Amino acid sequence: MTATAPRLGTALVRLLLVTAALLGTLLAGAAPASAHAALTGSDPQDGAVVATAPKDVTLTFSEQVAMSADSIRVLDPSSKRIDTGEIRDLCSGSVVKYGVGLRSGLPEGTYTVAWHAVSADSHPIAGAFTFSIGAPSTTTVALPDQTAGGGPVGVLYGIARYLSYAGFTLLVGGGAFVLACWPRGAAVRPVQRLVVRGWLTLTAATLAMLLLRSPYTGSGELADVFDLAGLKAVLETKTGAALISRLMLLGAAALFVAVLFGAYTKRTDEKEKKDLTFGLAIGGSVVAAGIAGTWALAEHASTGLQPAVAMPVDILHLLAVAAWLGGLTTLLVALYRAPRIERAAVERFSRLAFGSVLVLTATGIYQSWRQVGSWSALTGTAYGQLLLVKIGLVAVLVGIAWISRRWTQRLGDPAPHDTGDATAEADGSDRSEDGSDGSDRETSAATTELGEGNEARAGQGEAEQEAPAPATAKPARDAGTGTSTSTSTGDADGTSDADGDAEAGTAEAAQGAEPRDDADEPPTAVDPERAAQLARQRTAVATATRKRDRDADPERAGLRRSVLTEAAIAVVLLAVTTVLTSTEPGRTEEEAGRTQPTSGAAAVPDRPVDIRLPFDTGGVDGNGTVRLTLDPGRTGANDLHIFVERPNGRLLDVPEIKVAFTLKEKNVGPLPVLPDRIQTGHWSATGVQIPMAGEWQIQVTVRTSDIDQTTIDKNVKIG
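Quick caveat: nothing in here was measured; it's all calculated off a predicted structure.

The terminal C-alpha atoms of helix α5 (residues 238–260) lie 32 Å apart, and with 23 residues this matches the ideal 33 Å at 1.5 Å per residue to within 8%. Listed in full, the buried residues belonging to α5 are T239, G240, A242, L243, R246, L250, A253, F256, V257 and L260. Next to the buried residues of α5 lie α2 (151–180), α3 (189–217), α4 (228–235), α6 (263–266) and α7 (270–298).

Strands sit in the order β1-β3-β7-β6 across an open sheet of 4 strands; the sheet is antiparallel. Two strands bound the open sheet, and with one partner strand each, they are β1 (39–43) and β6 (83–89). With strand direction ignored, the average angle separating the axes of adjacent strands in the sheet is 20°. Pairing between β1 and strand β3 (residues 56–61): 4 bridges, direction antiparallel. Among the inter-strand pairings, L39 is bridged to a residue of β3, identified as F61.

Taken in spatial order, the 5 strands of this open sheet run β12-β13-β14-β18-β17, and their pairing is antiparallel. Each having just a single partner strand, β12 (609–616) and β17 (676–679) make up the two edges of the open sheet. Here the average twist between neighbouring strands, direction ignored, is 25°. Across 7 bridges, the pairing between strand β13 (residues 623–631) and strand β14 (residues 636–645) is antiparallel. Bridge pairing in β14 links V626 to V644.

Turning to the packing of aromatic side chains, a few remarks are in order. Taken as a whole and judged by the stated rule, the model has 7 aromatic pairs. Arranged with centres 5.4 Å apart and planes meeting at 75°, the rings of F61 and W115 form a pair that is edge-to-face. With a gap of 54 residues between them, F61 in strand β3 and W115 in strand β8 (residues 109–119) connect regions that are remote in the sequence. Across the pair, exposure class does not vary: F61 and W115 are buried alike. Residues Y157 and Y216 carry aromatic rings whose centres are separated by 4.0 Å and whose planes lie at 10° to one another, so their mutual orientation is stacked. Of this pair, Y157 sits in helix α2 while Y216 sits in helix α3, placing them 59 residues apart in sequence. Just as Y157 is buried, Y216 falls in that class too.

Rules used in this analysis
- Residues numbered from 1 in each chain as written.
- Predicted model: local features only at pLDDT ≥ 70, side-chain atom pairs only at ≥ 80, totals over all residues.
- Heavy atoms only, no water.
- Helix = DSSP H or I, 4+ residues; strand = E, 2+ residues; numbered from the N terminus.
- Expected span 1.5 Å × (residues − 1).
- Buried < 20%, exposed > 50% of the residue type's maximum accessible area, 1.4 Å probe, protein only.
- Contact = heavy atoms within 4.5 Å.
- Pairing = 2+ DSSP bridges.
- Axes fitted to C-alpha atoms, helices over the stretch in contact; angles between N-to-C directions.
- Phe/Tyr/Trp six-rings, centres within 6.5 Å; stacked < 30°, edge-to-face > 60°.

Dropping the structure here:
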């Protein structure tokens, strides 16, 4: 009989669907990747009004970036490009600066600088700003709304990043679980499929990232995926080299998987198997560390503080994550698809997981200090907030793991089975996943059994001749179902015995096949419909029996539930980690904020400046409110309107109003403005120039009589 593994229950399917939906929401709702590097300065500055045309435009970054030929573009008011197109490397020491020359004879007006680059940690960055020559003017430049690394290409690249982490986790964690915890699992087909699918997922995701890399860091157009020139440029970058290295290492990983699930399972000599285990452990560790190193080489660990320390720490962190979460997934598959996993194997994994958590804790503390740097960055930046979410998920995961450990301590070993048990688990569960395949194989087996007198072996799905034995019915325990006897049939000598393998006997007893003597009557044809019906009945009986045996052990059922919950949380944890690796570290974000970065879109305000300033000169009609509006409230020319109101809201006529603007951090100003009286309580000025963006102090002097006056002020961010 073909042994069939129990299918995952409805509750499991629903939980995995809900988890997948949450994961999709997280990935779809995540902001495009922020970068490690940030624009910290430019010349001319954003919003500046210069008297004469500059010879070039320079950009200064917080860390090293990669620039292409069109990384800096300067556009005139009519959206024509007026730069020379030659990027100049002006880096010196710790200063990261790049520039581009401008054509001579530029007329007055507002010019737009659009730039894009790739940060040293592989994430794209982009921005734009404006400056004016002589006086600001209108501009027809239309900047793209899509941020760097955004759009459909960014979504696909993010999904590929997640799948690459997931595939690495399954590949490394599954292999480690088999070698370190459950060597017999190398012969279990569901475990084999899990590890192989991990390899396939990682390989496919790496290829997808390689093809998407050029549009992800450049045009953002999905049509550029197969642009050979772009692919060639990617291969010359650090990230491209890391992805190619990962593909080469995956070739070695394929050899590891082939040996683990091939030659390793066939070794019967203990010494040979021990030597092969040692070789696989050493070789697998080297390959796994190499694959983990491809992430450390191209992402956050490779830049910033202490990269020589951070990269090995990052590799250890990734390996610990894979050993814990990948091993957890393998255990979940084993508990549902091969429920005879021994208590000793579960206990060994418990110790492996505990060691992995210790490594994660140590490496995580170092990485948190390196990437966050302060308590304010932990709570006030996107990276710090995501890190807190990750820490919370890990804490929940450890708590549930403690519950799983309690179930493990109460776990008993399954009843002993025949030697064919591992084969039944390996092959039988394979067929249960494809109904048609299982039915065809069962039909073939049934036909052979009834037509030729050979029994169908459940683990192999094929007829095998047995050694002669007395033609009597002999009870045999079925490892797949725990019941039934085997039936004897005649052979050429008049005697034969069914294989003592447990998987074979149940097929005959379940269907009540009657013994017959091949020597007395020739083989008869079997009705295909009847054979197919017998096959379906065998499958149903085997599935029901194995499910009953699986659910009859409350300790194993409890362990399955707790491990399933751990796996669901691990899926979300892996998604948070993926988003975290593409987010600007908190330390960098705070440092960039302190240096007043000017990256981003052109300096267009959300609304005009509109403030109210109460005053009191101390004389008759000496108190009220000044309402000041500055439109459009940005760098360049603005219209200023001032309304002086009494406490009851009616306009108050005053002899004089004066205004001054001061940018203290740049030592600019005060810039005086003398508005004209328009009517009672209304003063106005046009063409008020704000030369650059920043935190401006607006001072208003109100005189209500010849001797009564006061000055009031307020700080306002303009531009």
